[in-house]
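Remarks on the overall topology
Below are the chains, spelled out letter by letter.
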Amino acid sequence: MTTRRKFLAGASAGIALSTLPTIAQAQTPLAMPPLLDATKTGRFDLTAQSGSTNFLGQAASNTWGFNQPYLGPTLRVSHKNEVQARIKNTLDEEISVHWHGALVPGDVDGGPHQTVAPGAQWNPTLPINQPAATLWYHSHIHGHTGRHVQMGLAGVMQLSDGLDDQRGLPSLYGVDDLTLVLQDRRFDRRGRAEYSIGMHEQMMGFAGDTMLVNGQENTLATVPRGVVRLRLLNGSNARIYALALSDGRPMHLVASEAGLLDQPIALKQMTLAPGERAEVLVDFTNGRDVTLVTILSSNTSMSGPGSKSGAIILPFTVDPTLKPRITKLAKSLGGSLPQLPGTGLTRREFTLNSAMGGGMMRMMGNSGNLHSINGAPFDMATINFDVILGATERWVVAGGMMMHPFHIHGVSFQVLSENGGPPRLQNRGWKDTVLVNGQAELLMRFDLPASRELPYMYHCHILEHEDGGMMGQFTVS
Ligand code: C2O
Ligand code: CU
Ligand code: CU
C-alpha cells in the first residue's frame with residue numbers, strides 16, 4: 001500500500017523546503033501518457049471512452065479518457081501543417097474537444113457550441129500554423145467542463161518543428177523530455193475519486209488533497225545525468241501551484257504557453273495556474289536527486305483551511321547508467337518575445353466578478369450563476385462583442401478578491417503590464433492564459449475568424465468559475 005502524497009494542509013505560507021517529507025517509499029516509476037505521433041501521418045484518432053482507474057491501489061474509480069481509461073495520449077503534430085482529427089464519442093453524454101492554445105478558426109476550435117453527441121463523430125481539419133509549443137486539449141461543455149476534465153477528458157498536444165536537436169533542447173519523449181500533467185484530486189475513504197461541488201467549491205474552485213502526475217499517485221521519475229526538459233501542464237480544476245525544486249536549484253524557463261522564449265530565464269519559483277503550461281530545463285549534471293514541490297498553493301486573498309499548503313509533486317532520481325544526450329543548458333532558443341506593433345486601437349475592460357455575501361443571493365436569484373464578467377454571467381445565446389479580423393486590441397482584465405487565470409481562445413497575447421508594472425519574468429513570453437492577480441493588461445492581434453454560430457470564448461480557467469458563468473464569447477470577422 002502506498003503512502004498518499006498529500007498536501008500538508010495548514011502548513012504556514014512558504015513552508016521551509018527542508019520540512020517537506022523526504023522520499024522514502026519505493027515508488028512506482030512515473031509513466032508518460034502514450035505518445036501519438038501524427039507529425040508524419042497528419043492524422044490522429046481520439047475516442048472518448050469510459051473506464052476504471054485504480055488511483056491509490058485501493059478501489060477502482062469510474063473515469064473517462066481518450067483512447068484509454070483516464071486522460072488522453074500526448075498528441076504530437078507538426079507546427080505548420082493541416083492535421084486531420086477524428087473524434088469519436090462513445091460516452092453517454094455530449095462532450096467537446098477544445099484545442100487549448102491552438103490558433104485555429106472558431107469553426108474547429110471545439111468550444112461549447114461544438115458538441116459531439118453520444119455515439120457521434122467529429123472530424124475537424126486543424127490548420128495548424130504557429131511556433132512549436134506545448135498545448136493541451138479538453139472537453140468544454142458549458143456547465144460541465146469541471147466535471148469532464150476531472151473525469152479525465154484532457155491531454156497534452158505538442159506542436160513540433162523538429163528543430164530541438166539544433167537548439168540543444170532535450171526532445172526524447174519520456175527520457176529527457178518529460179510531459180507532466182499536474183492535477184489534484186480528492187478520494188473517499190475507500191479510495192475512489194470524488195468530485196463533489198458544494199457552495200465552497202463553487203466559490204473557490206475544487207481543490208483536492210492528493211497530487212496526481214499523469215494520473216498517477218506517488219511515483220518517481222528516473223532521469224539521465226544531464227539536462228532534462230519538463231513540459232508542465234496545470235490540468236487541475238482550480239489549484240494554483242508555486243513550483244520549486246527542493247534543493248533550491250533553478251528551473252530554466254524555456255517556453256511559455258505559445259512557444260519558446262529567446263533565452264532561458266532562471267527561476268527559483270514558478271507559478272502555474274490552471275490552464276497554463278511551461279517548459280523548463282532542469283540541470284541534473286551534478287548527479288543529485290531532487291524533488292519538484294509546490295511550496296505554496298493558494299488563492300491568497302481568501303484565507304481559510306487549505307489555502308496555504310505545500311506538497312511533493314514529483315521526486316526525480318538520477319540513473320548514472322543512462323547516457324545523457326544533453327549536458328549543457330541551451331543559451332539561445334530562437335524564440336522571440338512578443339512585441340506587437342501598435343498599442344491596440346480598441347481597449348476593452350473585463351472585470352471578473354464572484355458574488356459574495358448579499359450580492360451572491362441577488363445574483364443567484366436572477367440567473368443561478370455565482371460568477372460573471374462585467375456583471376454578466378455567460379449566456380450561450382449572447383455574443384458579448386465583435387472583433388475586427390486583423391485588429392490589435394488591448395484588454396485590461398481585473399480580478400476581485402481572488403486570483404483568476406484568464407484565457408482567450410484563438411489568440412496568443414503579450415502581457416503588457418501587471419498591476420501597472422512590468423510583467424513578472426515568467427510572463428514575458430507569448431501566452432494564452434495568464435494568472436490575473438489584481439490587474440493585467442494584454443495586447444493581442446486577432447488573425448483568425450470566428451462566427452456567431454461558433455464564436456471564441458474568453459474565461460477564467462478555474463473550471464468551477466467558468467462553469468459558474470465567468471466566461472464570455474466573441475466573434476472575429
Ligand atoms: Cu482550456 Cu476555453 O479552455
Ligand atoms: Cu482555450
Ligand atoms: Cu476565477
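This section reports on the structure supplied with the text. (Residues numbered from 1 in each chain as written. Chains lettered and ligands numbered in written order. Predicted model: local features only at pLDDT ≥ 70, side-chain atom pairs only at ≥ 80, totals over all residues. Heavy atoms only, no water.)

The helix and strand tally for the chain stands at five helices and 33 strands. For the chain, the proportion of its 477 residues judged to be buried stands at 58%. Expressed as a percentage of contacts within the chain between residues at least 6 apart in sequence, the contacts between residues at least 24 apart total 77%. Accessible area of the chain: about 17800 Å², with a carbon and sulfur share of 51%. (Helix = DSSP H or I, 4+ residues; strand = E, 2+ residues; numbered from the N terminus. Buried < 20%, exposed > 50% of the residue type's maximum accessible area, 1.4 Å probe, protein only. Contact = heavy atoms within 4.5 Å. Areas by Shrake-Rupley, 256 points an atom, 1.4 Å probe, with all protein chains shown as cover.)

Moving on to the coordination of the copper ion (ligand 2). Octahedral six-donor coordination of a metal ideally yields angles of 90 or 180 degrees, compared with 109.5 degrees for tetrahedral four-donor coordination. Surrounding the copper ion (ligand 2) are the protein donor atoms His 98 (NE2) and His 407 (NE2), at 1.9 Å. Of the two residues, His 98 is situated in strand S8 (residues 98-100) and His 407 in strand S28 (residues 404-408); the sequence distance between them amounts to 309 residues. Each of the two residues, His 98 as well as His 407, counts as buried. (Donors = N, O, S within 2.8 Å, 3.2 Å for Na, K, Ca; no water.)

Looking at the metal site, the copper ion (ligand 3) is ligated by His 404 (ND1), Cys 460 (SG) and His 465 (ND1), spaced 2.0 to 2.1 Å from it. As a motif over one chain, the donors of the copper ion (ligand 3) read H-x55-C-x4-H. Within this pair, whereas His 404 is found in strand S28, its partner Cys 460 is found in strand S32 (residues 456-460), the two being separated by 56 residues in sequence. A relative accessible area of 0% means that Cys 460 is categorised as buried.

Further remarks concern the sheet that holds strand S16 (residues 227-234). Across the sheet, which stays open at both edges, the six strands sit in the order S14-S13-S16-S21-S18-S19 with mixed pairing between neighbours. The open sheet has two edge strands, strand S14 (210-213) and strand S19 (259-267), and neither has a second partner. When strand polarity is set aside, the average angle formed by the axes of neighbouring strands in this sheet is 30 degrees. Sheet topology places S16 next to strand S21 (residues 277-283); seven bridges connect them, and they run antiparallel. Bridge assignment links Val 227 to a residue of S21, and that residue is Asp 283. (Pairing = 2+ DSSP bridges. Axes fitted to C-alpha atoms, helices over the stretch in contact; angles between N-to-C directions.)

By size, the foremost hydrophobic cluster in this structure holds 42 residues, and its most contacted members are Leu 180, Leu 182, Leu 232, Leu 243 and Phe 316. Not counting residues within four places of it along the chain, the set of residues in contact with Phe 316 comprises Leu 178, Leu 180, Leu 220, Ala 221, Val 223, Leu 230, Phe 284, Asp 289, Val 290 and Leu 292. (Core = buried A, V, L, I, M, F, W, Y, C linked by side-chain atoms within 4.5 Å.)

Here we have five strands laid out as an open sheet, ordered S25-S24-S27-S31-S29, and mixed in their pairing. Two strands bound the open sheet, and with one partner strand each, they are strand S25 (371-373) and strand S29 (413-418). Each strand axis lies, on average, 20 degrees off the axis of its neighbour in the sheet, ignoring direction.

Attention shifts here to the environment of Glu 94. Tracing the chain through its elements places Glu 94 in the loop between strand S7 (80-89) and S8. Looking at Glu 94, the relative accessible area reads 37%, which means it is partly exposed. Measuring from C-alpha to C-alpha, the distance between Glu 94 and Val 116 comes to 5.4 Å, with 22 residues separating the pair along the chain.

Function cannot be read off these values alone, since they describe shape.
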